[in-house]
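# Summary of the model geometry
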Amino acid sequence: TYTVHPLLEQGSPEWLELRRGRITGSRFKDARDRTAKGQPSAKCSLYAMDVARERCGGKAGEKFQNAAMRFGTEQEPLARVAYEQATGNVVFEVGFITDDAGLFGLSPDGLIDDDGVLEIKTMVSSDTLFRAVVEGDISEYIDQINGYLWLLDRQWVDLVLWAPDLADLGLAMKVIRIERDEAAIEALEADLLQFLAMVRSSEQRLRWAAVDHKTEPMLGAA
């Protein structure tokens, strides 16, 4: 089961606080990132340390929101309306969603009936456009999508690839439905639980460093 929190402005202090110390869906791919030898990559390890720092009350380095990211956020409601008009599906907007243990968090772009999820990706950069729309490679989004199906116990996700500047070409919106894949979801869950163990180990190291610091003799003490 899970908890749906009220809608908050993205980037607001309340929004950031709700996400603090939780492993979020947009970073599931980073949490699973491995080297060629199957070991956690530098990106994976850094994310584990970031989450551990937040769990200890700290603040991980802020991610800069550039113009392209802001454009994607601004386009989301337009893409949602276009999706509803094209499919006839009614999308229910929701706030940040957390599992009952408070370990993981998700920000879907909407829920549909009892079984569906909407995820919108604005094709801001041309390399993303060609990879996803032209070549059909949506691997960049699969971990996040399977995370929705796992934690929300839903059956499908409609992935909307949104490129409004290509409306004259008929490519303003491409909808791809991803059905529930139990094997993929089980693999995701196993990897995320392994990542959670990394987070807890990093958190323990940080807390032990605090204990050691408190017990160190003061410089210059007799």
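Up top you'll find the structure we're talking about.
This section reports on the structure supplied with the text. (Residues numbered from 1 in each chain as written. Predicted model: local features only at pLDDT ≥ 70, side-chain atom pairs only at ≥ 80, totals over all residues. Heavy atoms only, no water.)

## Observations concerning the packing of aromatic side chains
- With the rule as written, the count across this model stands at 3 aromatic pairs.
- Judged by centre distance (6.2 Å) and plane angle (85°), the rings of F28 and F104 are edge-to-face. Residue F28 is located in helix α2 (residues 28-31), and its partner F104 is located in strand β5 (residues 104-106); the two are separated by 76 residues in the primary sequence.
- Since its relative accessible area comes to 3%, F104 is described here as buried.
- Sitting over the face of the ring of W156, R177 holds its NZ or CZ atom 3.6 Å from the ring centroid. (Phe/Tyr/Trp six-rings, centres within 6.5 Å; stacked < 30°, edge-to-face > 60°. Helix = DSSP H or I, 4+ residues; strand = E, 2+ residues; numbered from the N terminus. Buried < 20%, exposed > 50% of the residue type's maximum accessible area, 1.4 Å probe, protein only. Lys NZ or Arg CZ within 6 Å of the ring centre and 35° of its normal.)

## Here's the deal with the side chain of Q75
- By the secondary structure assignment, Q75 is in helix α4 (residues 67-87).
- Take Q75: its relative accessible area is 10%, and that puts it in the buried class.
- When sequence neighbours within four positions are dropped, the list of residues in contact with Q75 reads T122, W162 and P164. (Contact = heavy atoms within 4.5 Å.)

## Re the nonpolar core
- In terms of nonpolar packing, the biggest core is built from 41 residues, with I23, L161 and F195 touching the most fellow members.
- Among the secondary structure elements, those contributing two or more residues to this core are α2, α3 (42-55), β5, α5 (126-134), α6 (139-151), β8 (156-162), β9 (173-179) and α7 (182-215).
- Looking at this core element by element, the count peaks at 7 residues for α7.
- Beyond its immediate chain neighbours, meaning those up to four positions away, F195 contacts I23, A31, C44, Y47 and A48.
- With 10 residues, the next largest nonpolar core counts A79, I120, W156 and W162 among its residues. (Core = buried A, V, L, I, M, F, W, Y, C linked by side-chain atoms within 4.5 Å.)

## Comments concerning α3
- Along its 14 residues, α3 runs 20 Å from first to last C-alpha, staying within 8% of the 20 Å computed at 1.5 Å per residue.
- Once α3 finishes, G57 follows within two positions and takes phi at roughly 95°, a positive value. (Expected span 1.5 Å × (residues − 1).)

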